[in-house]
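For reference, the chains in residue letters:
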2 protein chains.
Amino acid sequence: MSRLNARQLAVVDALQSELSPGSVLVGGEVTGRAAGIWRSDTVQAPVLVRPDSTAAVSTALRVCSALAQPVITHGGLTGLAEGALTGPDDVVLSTERLQRVYPVDTANRTLLAAAGVTLQAAQAAAEQADLMLALDLGARGSCTLGGVAATNAGGHQVLRYGMAREQILGIEAVLADGTVLTSLNSMLKNNAGYDLKQLFIGTEGTLGIITRVRLRLRPRWRTQETALLACDHFTQVTGLLAALDESLGGTLSAFEVLWKDFYQLVSPAQKPLEPHHAYYVLAEALGSQPATDAERFTAAIADAAAAGLVSDAVVCKSGAERAALWAMRDSVERTLEHGPASIFDVSLAAASMESYVARVRDCLRDEWGEACRMWVFGHAGDGNLHIVVAAGTGDAQSSRRIERCVYEPLGAAGGSISGEHGIGLEKKRWLPVCRTPAELDTMRRLKRALDPANLLNPGRVIDLQQPAAQA
Amino acid sequence: MSRLNARQLAVVDALQSELSPGSVLVGGEVTGRAAGIWRSDTVQAPVLVRPDSTAAVSTALRVCSALAQPVITHGGLTGLAEGALTGPDDVVLSTERLQRVYPVDTANRTLLAAAGVTLQAAQAAAEQADLMLALDLGARGSCTLGGVAATNAGGHQVLRYGMAREQILGIEAVLADGTVLTSLNSMLKNNAGYDLKQLFIGTEGTLGIITRVRLRLRPRWRTQETALLACDHFTQVTGLLAALDESLGGTLSAFEVLWKDFYQLVSPAQKPLEPHHAYYVLAEALGSQPATDAERFTAAIADAAAAGLVSDAVVCKSGAERAALWAMRDSVERTLEHGPASIFDVSLAAASMESYVARVRDCLRDEWGEACRMWVFGHAGDGNLHIVVAAGTGDAQSSRRIERCVYEPLGAAGGSISGEHGIGLEKKRWLPVCRTPAELDTMRRLKRALDPANLLNPGRVIDLQQPAAQA
């Protein structure tokens, strides 16, 4: 059994006396857990509390606050920014027993659910009511509503429906001192004072622990039209995005771009399009008019081709063809066949992408020569690129050299070091590339205002005591 | 000339020495100004500073902060919640010289402009680039970008495009101590740390003074289809909203409901629909397909009628017919023909509207008997109703009695005392109806963190020192 320090022993004692049986786990039941669902290491913290209600979360935080015990929140552990990593002096607060899904309010099209509910379970509840939760991502079966809210998750439909932030009407969170902040607004319009839910969306659990979320639901789409389009110049790509967004009248929901190297890596032997083009666009529209949507989609692509925005195209004729295109796009694991690789999640204006990618490529070539590979793809319609770099040995020094090549050019491009994955522990050192000292200081002001003792997910996103170190 | 107190004299002296000539006005040049564009009283503050740059705003706030001088921000003065009212000890900071409109970034579809630019000027800049700023409201010619951001304005297209918050990608603001916080993100996705712009959107100038705004632009719509529909039961209204939202595939942009009394008041002698129905819905779709949108709109309404959701309908055949319907909807001034009236801006779930309105009506009848009139209309598709009440003499006591009838039932209905107009000074006393003590306390925490001396728009939204008084 792992050693608990004196503070942890006192915390365990207090929690066990105040919470229901089974709420506190210690030792191997905690340290035997994986540190993340895609990680091979295990949880380092020897204590895990799993409250079964908002009141129990409040009790847990009140106890931890009184003893100055840092708390790391665990949801589905699908994050990609080392936001949930623990150390031996931490206590984990897991939302795994916050599982209530309230009946869908079909008249007002909202869904209230507890933070530990998976995204997939919430999607299913909406679909049973013939409505849709307009948020989807690959980790849907594991990631939790608390997690997607706390990280402002993106995913596959941002272009049409927005990020997680846009799907969240209200939030209940518990502050570091145990205060329950119930701000479960259910309306599209509410200007009665500060919109407090914004404090907890995308702040990665550093300002409070989300316990319940009220989600906006929408009408389900009835048609799905998908195409793969080839472009030889990046100006075609940006022109195509603008043209489809307009001609499809707001139904364009995905505009994924695969750079040539990535397409050549992930496309099957029977290639849907010849592999010599510079860019491949996976475009998808979600509509409501079965009688006319297919024709409209094909016409929009024909118009774009006639305008010189497309060099070649194939429109899916079946669900199987569509699934094959998406499976190709999602084959990120193919980049790992060549050894360790780093996956980045930058965002920048589409018009700057071509020159930015060229700068990254040049930098990597200067650093590593031919012993480096790079693949680029992502949600270009949202301004969000994923860049996979295989270079070096995977050690910390190699990682820093790669990170420098990817992140530093973002400053000049006005970009961001994270489009959707967040900062966690992993990217904190690079925040000054895209945020000013005044911005970082304001983040600290907020953190101090809501968590003055720095107990909630400490060290994530920003360091409270000193300026974030430049790498 | 108005009397300046000692602190104001020191402020004027410091500002005049640090800012360009013409930046500081005193006396009649200030107190001769209207307190609001729809008000008959005048500005009470005897000092007005009008910086011509972000740096000058910073200087002004640094000076005022050093002297503990409260500052009230003035934009277009179109607010409806007494947010810009001043007293003799205040200093006004006007954004009127912050007028720069940067070239539209057509590739990335964004517009950067200074806070004093009117909404109409920003709309025009977008249109010149064949793009659209998806925010529109009646005060467009006077209201400023800083004001629509600070109040999270709503308006006519919220159902489709969202509030001002959804149109704002980045914000530059100056904090109370003069810190310039430049957070002018231009991307749809940016999860690199806290999303600081949310601090300034909808907080009514209490946490910082907005100096520049980066706006998201969208493709212009090409078609506009409008209809007036009659319903006899409120379940028809909610069913119709769901049906049109789905069948129009995201192009439904307005769903305004006029209760019978309001329709009877504002409809012309030649009524577009018989006046005996309980509800009238003004529905509008903005589309991109000139060849098919009209047919689609008519079919959607026919389907709704076939489903029993519509009792009678008229579809506009010309721009003149459309303009006449909107003019009717916008004839709020007709409610003032009977004497003084109070205009409310509540929001609540559509499914609760019918019972809520009945409760308000009963309360008013209990209070005032037949000497009371009430009209109801608004953006029902957004959950936002405007209620006009004519009762009493317009004195403060009458106002409180009317407010109690309108606001108190919102608590049980889970509604909000403001859908879009905000709180200002006017509604502060009623905030506890729809916000919990923990929420109000968290607002105060934020205010203290960013403006510890309570210098920016003090007293607006919340009182810093004591709990908001229950009326």
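The rules behind each value
Residues numbered from 1 in each chain as written. Chains lettered and ligands numbered in written order. Predicted model: local features only at pLDDT ≥ 70, side-chain atom pairs only at ≥ 80, totals over all residues. Heavy atoms only, no water. Salt bridge = Lys/Arg side-chain N within 4 Å of Asp/Glu carboxyl O. Helix = DSSP H or I, 4+ residues; strand = E, 2+ residues; numbered from the N terminus. Least-squares fit on C-alpha atoms with pLDDT ≥ 70 in both. Contact = heavy atoms within 4.5 Å. 1 Å grid on protein atoms, 1.4 Å probe; cavity = no way out; pocket = protein on both sides within 12 Å on 5 of 7 lines; lining within 4 Å. Points joined across faces, edges and corners; volume = space filled by probe spheres on them. Pairing = 2+ DSSP bridges. Axes fitted to C-alpha atoms, helices over the stretch in contact; angles between N-to-C directions. Phe/Tyr/Trp six-rings, centres within 6.5 Å; stacked < 30°, edge-to-face > 60°. Buried < 20%, exposed > 50% of the residue type's maximum accessible area, 1.4 Å probe, protein only. Parallel < 35°, antiparallel > 145°, perpendicular 65-115°, else oblique. Left-handed = near helix turned anticlockwise from the far one by under 90°. Buried area = accessible area lost by both parts, 1.4 Å probe. Nonpolar A, V, L, I, M, F, W, Y, C, P; charged D, E, K, R; others polar.

1. Observations regarding the pattern of salt bridges
- Applying the stated criterion across every chain, the model contains 54 salt bridges over all chains.
- Here Asp 130 of chain B makes a salt bridge to Arg 222 of chain B, at a shortest N to O gap of 3.3 Å. One end of the pair, Asp 130 of chain B, is in the loop between helix H4 (119–128) and strand S6 (131–132); the other, Arg 222 of chain B, is in the loop between strand S10 (218–219) and strand S11 (223–231), and 92 residues separate them in sequence.
- A salt bridge links Asp 136 of chain B to Arg 140 of chain B; the nearest nitrogen and oxygen atoms lie 2.6 Å apart.
- Where salt bridges share partners, they join Asp 130, Arg 220 and Arg 222 of chain A together with Glu 246 of chain B into one cluster.

2. Section: the relation of the copies chain B and chain A
- Superposing chain B onto chain A takes a rotation of 180° combined with a translation of 0.0 Å along the rotation axis, leaving an RMSD of 0.0 Å. On the angle and the small slide along the axis, the relation comes out as a two-fold axis. Closest approach to the rotation axis within chain B is made by the C-alpha atom of Ala 449 of chain B, at a distance of 2.9 Å.
- Residue by residue, 100% of the interface of chain B is reproduced at the interface of chain A, so both copies engage with the same surface.

3. Some remarks on empty space enclosed by the protein
- For the coordinates displayed, the defined rule picks out 7 cavities of 30 Å³ or more.
- Taken as a whole, the largest cavity spans an internal volume of roughly 150 Å³.
- Surrounding the largest cavity, 18 residues form its lining, Gln 198 and Leu 199 of chain A together with Asp 195, Gln 198 and Leu 199 of chain B being those nearest its centre.

4. Notes on the sheet that holds strand S8 (residues 180–183) of chain B
Residues and elements named next belong to chain B.
- Pairing is antiparallel in the open sheet, where 4 strands are placed in the order S5-S9-S7-S8. Edge positions in the open sheet fall to strand S5 (110–114) and S8, since each of these has one partner strand only. For this sheet, the mean angle separating the axes of adjacent strands, direction not counted, is 15°.
- Alignment of strand S7 (residues 168–174) against S8, held across 4 bridges, turns out to be antiparallel. In the sheet register, Ile 171 faces S8, and the bridge partner there is Ser 183.

5. Details of the sheet that holds S11 of chain B
All names here are of chain B.
- As summarised here, the arrangement of the 7 strands in space is S14-S11-S13-S12-S16-S17-S15, forming an open sheet in which the pairing is antiparallel. Both edges of this open sheet fall to strand S14 (312–315) and strand S15 (342–347), since each of them pairs with a single strand only. Geometrically, the sheet is characterised by an average inter-axis angle of 15° between neighbouring strands, direction not taken into account.
- Across 6 bridges, S15 lies against strand S17 (residues 384–391) in antiparallel orientation. Bridge pairing in S17 links Phe 344 to Ile 387.

6. Observations concerning the packing of aromatic side chains
Residue and element names in this part refer to chain A.
- What the rule picks out here adds up to 14 aromatic pairs over all chains.
- Each ring, one from Phe 344 and one from Tyr 407, has its centre 5.4 Å from the other, and the planes form 85°; the classification is edge-to-face. Note that Phe 344 is positioned in strand S15 (residues 342–347) and Tyr 407 in helix H13 (residues 396–413), a separation of 63 residues in sequence.
- In this structure Phe 344 comes out as buried when scored by relative accessible area, which is 4%.
- Tyr 407 gets classed as buried once you look at its relative accessible area, which sits at 2%.
- Seen from their ring centres, Tyr 407 and Trp 430 are 5.6 Å apart, and the 45° between their planes marks the pair as tilted. Of this pair, Tyr 407 sits in helix H13 while Trp 430 is found in the loop between H13 and helix H14 (437–450), placing the two residues 23 residues apart along the sequence. The pair formed by Tyr 407 and Trp 430 is uniform in burial state, with each residue classed as buried.

7. What about the pairing of strand S16 (residues 372–379) of chain A?
Residues and elements named next belong to chain A.
- For S16, a buried count of 7 out of 8 residues is recorded, marking the element as mostly surrounded by other parts of the structure.
- One ladder, built from 2 bridges, connects strand S12 (residues 252–259) with S16; its direction is antiparallel. Note on S16: the bridge partner recorded for Leu 258 is Phe 377.
- Of the strand pairs in this sheet, S16 and strand S17 (residues 384–391) are connected by 8 bridges, and their pairing is antiparallel. Bridging from a neighbouring strand, His 379 pairs with Asn 384 of S17.
- Counting the residues in the hairpin turn of S16 and S17 gives 4 residues, including Gly 383, whose phi is positive at 80°.

8. Some details on the packing of helix H12 (residues 350–368) of chain B against helix H13 (residues 396–413) of chain B
Residues and elements named next belong to chain B.
- Where H12 meets H13, the axes come as close as 9 Å, and the angle between the chain directions of the two elements is 150°. Classified by the interaxial angle, the pair formed by H12 and H13 is roughly antiparallel. In the packing of H12 onto H13, the handedness of the crossing is right-handed. Residues Ser 352, Tyr 356, Arg 359, Val 360, Cys 363, Leu 364, Glu 367 and Trp 368 of H12 form the contact with H13, whose participating residues are Ser 398, Arg 401, Ile 402, Arg 404, Cys 405, Val 406, Pro 409, Leu 410, Ala 412 and Ala 413.

9. Concerning the interface of chain B and chain A
- Each partner contributes residues to the interface: chain B has 84 residues there, and chain A has 84 residues.
- Summed over both partners, the interface of chain B with chain A buries about 6300 Å², with 53% contributed by carbon and sulfur atoms.
- Looking at the side of chain B facing chain A, the largest losses of area belong to Lys 189, Asn 191 and Tyr 194 of chain B, adding up to 17% of the total buried there.
- For Lys 189 of chain A, the salt bridge goes to Glu 420 of chain B, with nearest N and O atoms at 2.7 Å.
- Ranked by the residues each element gives to the side of chain B that touches chain A, the list is headed by helix H14 (residues 437–450) of chain B, at 9 residues.
- Considered class by class, the residues forming the side of chain B that touches chain A number 32 nonpolar, 33 polar and 19 charged.

10. Thoughts on unusual backbone geometry
All names here are of chain B.
- Backbone geometry places Ala 68, a non-glycine residue, at a positive phi of 55°.
- Mapping Ala 68 onto the fold places it in the loop between helix H3 (54–66) and strand S3 (71–74).
- For Ala 68, a relative accessible area of 36% corresponds to the partly exposed category.
- One non-glycine residue, Asn 152, adopts positive backbone phi at about 50°.
- Tracing the sequence through the fold places Asn 152 in the loop between helix H5 (145–150) and helix H6 (158–161).

Scope: geometric values only; no functional claims are made or implied.
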